[in-house]
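Next come the chains, spelled out residue by residue.
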Amino acid sequence: MSELVENVLRYPRLMRTLRDARAFEAGNPTPASTDGQAQFRMRSAMDLNPRIGKWISKRAIQQKAPLAWNIADVNTSRLVDPAEIDTAVAGVRKRGFYVFNQVVGASIVTAIREYAERAPCKARGFDLPVSKYPRSAPLAGRYDIAEKVSLGCPEVQEFVSDPGMALIAQKYLEQPVMMDEVAFWWTTTQHSEMANLNAQLFHQDRDRLSFLKFFVYLTDVSPDTGPHVYLSGSHRDIPRSLRGDGRKDDDAVRAAGLWGDVSEIAGPAGSLMAVDTIGLHKGKTPVGGDRLALEIEFATSLFGADYERPSLEPTSLMRDRFAQMPWVLQRYSASMSA
Ligand SMILES: O=C(O)CCC(=O)C(=O)O
Ligand SMILES: [Fe+2]
């Protein structure tokens, strides 16, 4: 009975989300956050199917400013080969993820990894002081480096302002995009029982309506060191048994008869992938060693989960890119004057 009531409620929640998102977009300046009930209704409406957020986005967000479409020159990218952009879009459309043929260069990877070895980070789920990652003897299963801290690394600024990734997101989502989130974290072999908290059980990301993530590995990733795992095609369709919000274990995916569609993405440090994480995905819990990953997300709106506007000291490359695509990098606008 309550299941039936929940099903019926998803439609009014969908219509209400359409209105909530329109109201958010009409706000000037952009609202600092979305109220909790509206976030709940959005997540609930997304039980209907994995395409619904994109559907709402296209109806609620009509970006008329031509400037919103501006992307910096993709030929300045050291991370994405411009010749691979359309292949990447087609790959994400087809399976929900795409692994780039071009691997990020060793000097960039080393610079970012060495930065992460020194940067203060937070042990997820533990009440420990923020401090340098204890790489030789980690206690927690996951250590997160805050966005503001990660932006202290020039190569991270280069990554988050990459025009190739921004253009792929724009082409895939068919709307103007902004870079709405940066995540930078270590996963370790410790506390595998905290898999849920550490995004190591299958789930959908439902923080925004319409979005695309990019991940780069900064350590070599084998099947034993925490590869990203994705259920191909689940960005388009998810069987009813797996459709609800929340985490699902491997057995639930097996029971749905879909294990054959599960891909584990291993690869050397520098491996770059684009992933539509509205589809079912997880990080596999590392058993043989740690993994360092950097992730950015592009979204069509900041409607949804709480977002940050971290301050940074922009590199000259970041300043150039902000000048060319202020819409995409709008969360950083406060640090760009002067
Ligand atoms: O660690 C991973 O590979 C998955 C992380 C994840 O779920 C996410 O970034 O949305
Ligand atoms: Fe996720």
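Look a little higher up for the structure.
In this text, all values refer to a predicted model and were calculated from it rather than measured experimentally. (Residues numbered from 1 in each chain as written. Chains lettered and ligands numbered in written order. Predicted model: local features only at pLDDT ≥ 70, side-chain atom pairs only at ≥ 80, totals over all residues.)

### Some remarks on the nonpolar core
Logical step 1: Formed by 68 residues in total, the largest nonpolar core has its most connected members in Ala166, Ala169, Val216, Leu218, Ala274 and Phe298.
Logical step 2: Among the elements that take part in this core, helix α8 (residues 163-173) stands out by supplying seven residues, more than any other.
Logical step 3: Setting aside anything within four residues of it in sequence, one finds alanine 274 in contact with Ala88, Val92, Phe97, Tyr98, Ile168, Leu212 and Phe214. (Core = buried A, V, L, I, M, F, W, Y, C linked by C-beta atoms within 7 Å. Buried ≥ 20, exposed ≤ 12 C-beta atoms within 10 Å, placed from the backbone. Helix = DSSP H or I, 4+ residues; strand = E, 2+ residues; numbered from the N terminus. Contact = placed C-beta atoms within 7 Å.)

### A look at the packing of helix α1 (residues 2-26) against helix α3 (residues 52-60)
Logical step 1: Close contact between α1 and α3 brings their axes to 9 Å; oriented N to C, the two are set at 45°. Relative to α3, α1 is oriented oblique. Along this stretch, α1 crosses α3, giving a crossing that reads as right-handed. On the side of α1, the interface is formed by Leu14, Thr17, Leu18, Ala21, Arg22 and Glu25, while α3 contributes Ile52, Ile56, Arg59 and Ala60.
Logical step 2: Taken together, the residues of the contact of α1 with α3 break down into six nonpolar, one polar and three charged. (Axes fitted to C-alpha atoms, helices over the stretch in contact; angles between N-to-C directions. Parallel < 35°, antiparallel > 145°, perpendicular 65-115°, else oblique. Left-handed = near helix turned anticlockwise from the far one by under 90°. Nonpolar A, V, L, I, M, F, W, Y, C, P; charged D, E, K, R; others polar.)

### Quick notes on the sheet that holds strand β4 (residues 142-145)
Logical step 1: Ordered in space as β1-β9-β6-β11-β5-β4-β2-β3, the eight strands form an open sheet in which the pairing is antiparallel. The sheet is open, and its two borders are formed by β1 (97-99) and β3 (131-132), each paired with just one other strand.
Logical step 2: The pairing of strand β6 (residues 211-217) with strand β11 (residues 291-299) spans seven bridges and is antiparallel. Bridging across to β11, phenylalanine 214 finds its partner in isoleucine 296. (Pairing = 2+ DSSP bridges.)

### Remarks on the packing of α1 against helix α2 (residues 36-45)
Logical step 1: Contact pair α1 / α2: the axes reach a minimum separation of 8 Å and the direction vectors enclose 125°. Comparing the axis directions of α1 and α2 gives the class oblique. With respect to the hand of their crossing, α1 and α2 are arranged in left-handed fashion. On α2, the residues that touch Arg10, Arg13, Leu14, Arg16, Thr17 and Asp20 of α1 are Ala38, Arg41, Met42, Ser44 and Ala45.
Logical step 2: The residue inventory of the contact of α1 with α2, partitioned by class, reads four nonpolar, two polar and five charged.

### Focus: the sheet that holds strand β10 (residues 281-283)
Logical step 1: Taken in spatial order, the three strands of this open sheet run β8-β7-β10, and their pairing is antiparallel. Edge positions in the open sheet fall to β8 (262-265) and β10, since each of these has one partner strand only. Sheet twist, expressed as the average angle between the axes of neighbouring strands with direction ignored, equals 20°.
Logical step 2: Bridge count between strand β7 (residues 228-231) and β8: four bridges; the pairing is antiparallel. What sits directly across from leucine 231, in β8, is valine 262.

### Overview of the site of ligand 1
Logical step 1: Near ligand 1 the following residues occur: Ala183, Ala199, Asp205, His228, Thr277, His281, Lys282, Gly283 and Glu295.
Logical step 2: Element by element, the count of residues in the shell around ligand 1 is highest for β10, at three residues. (Near = placed C-beta within 6 Å.)

### Focus: the pairing of β4
Logical step 1: By the bridge criterion, two bridges tie strand β2 (residues 120-123) to β4 in an arrangement that is antiparallel. Looking across to β4, one finds that alanine 123 is bridged to tyrosine 143.

### A short note on the environment of leucine 292
Logical step 1: Relative to the helices and strands, leucine 292 resides in strand β11.
Logical step 2: Given 24 C-beta atoms within 10 Å, leucine 292 falls into the buried group.
Logical step 3: For the pair leucine 292 and serine 333, spaced 41 residues apart in the sequence, the C-alpha separation amounts to 28 Å.
Logical step 4: Ignoring anything within four residues of it in the chain, the contact list for leucine 292 reads Arg113, Ala116, Trp186, Leu218 and Thr219.

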